[in-house]
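Here is what each chain is made of, one letter per residue.
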Amino acid sequence: MLLPKRVKHRKQHRGRKGGIATRGAEVSFGQYGLQAMEAAWMTNRQIEAARRAMTRYVKRGGQIWIRIFPDKPVTKKPAEVRMGGGKGNPEGWVAVIKPGRVLFEMGGVTGDVAREAMRLAAAKLPLQTRFVQSEDVHEVAP
């Protein structure tokens, strides 16, 4: 599971979900990618579930890059606790996703295999996504 080794501050403000991704919006490492179409928080468990779905489908062929990292702590107060008493304890980690961000990339596989693997991964995620290709991919028709 992905999580930071250490952080400067244990607790963070929640922040706002506005804007679009200006960085990390291009396919940089592989030939195919899965791009976010809406804003969301993605937990480390969701990232891991999507990674497993892709890896299982390609049967460890090709290469997969995870382009996001859950570096934001999310706090939660215990059940049945009255209001007040300060902010709750850190419960998990999330990655802040903005529209346009490339979440996963894949290389070394055919376009059809990559598309199906990304479709299976997208089913594990809490946001709408789309399949994208890098500019230099030229599919050869059989």
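Look up: the structure comes first, before these words.
Now for a description of the structure that goes with this document.

Rules used in this analysis
- Residues numbered from 1 in each chain as written.
- Predicted model: local features only at pLDDT ≥ 70, side-chain atom pairs only at ≥ 80, totals over all residues.
- Heavy atoms only, no water.
- Axes fitted to C-alpha atoms, helices over the stretch in contact; angles between N-to-C directions.
- Helix = DSSP H or I, 4+ residues; strand = E, 2+ residues; numbered from the N terminus.
- Left-handed = near helix turned anticlockwise from the far one by under 90°.
- Contact = heavy atoms within 4.5 Å.
- Nonpolar A, V, L, I, M, F, W, Y, C, P; charged D, E, K, R; others polar.
- Pairing = 2+ DSSP bridges.

### A short note on the packing of helix α1 (residues 44–58) against helix α2 (residues 111–122)
Inference 1: Running from N to C, α1 and α2 point in directions that differ by 150°, and their axes come no closer than 8 Å. When the axes of α1 and α2 are compared, the crossing they make is right-handed. Residue-level contacts link A50, A53, M54, Y57 and V58 of α1 to V113, E116, A117, M118, L120 and A121 of α2.
Inference 2: Here the residues of the contact of α1 with α2 are counted per class, giving 10 nonpolar, no polar and 1 charged.

### With respect to the sheet that holds strand β6 (residues 102–107)
Inference 1: One open sheet holds the 4 strands; their spatial order is β3-β6-β1-β7, and the pairing between them is antiparallel. The outermost strands of the open sheet, each flanked by one partner alone, are β3 (63–66) and β7 (129–133). Ignoring strand direction, the axes of neighbouring strands in this sheet form an average angle of 20°.
Inference 2: In terms of strand pairing, strand β1 (residues 32–36) meets β7 through 5 bridges, oriented antiparallel. Within β7, the position partnered with A36 by the bridge is T129.

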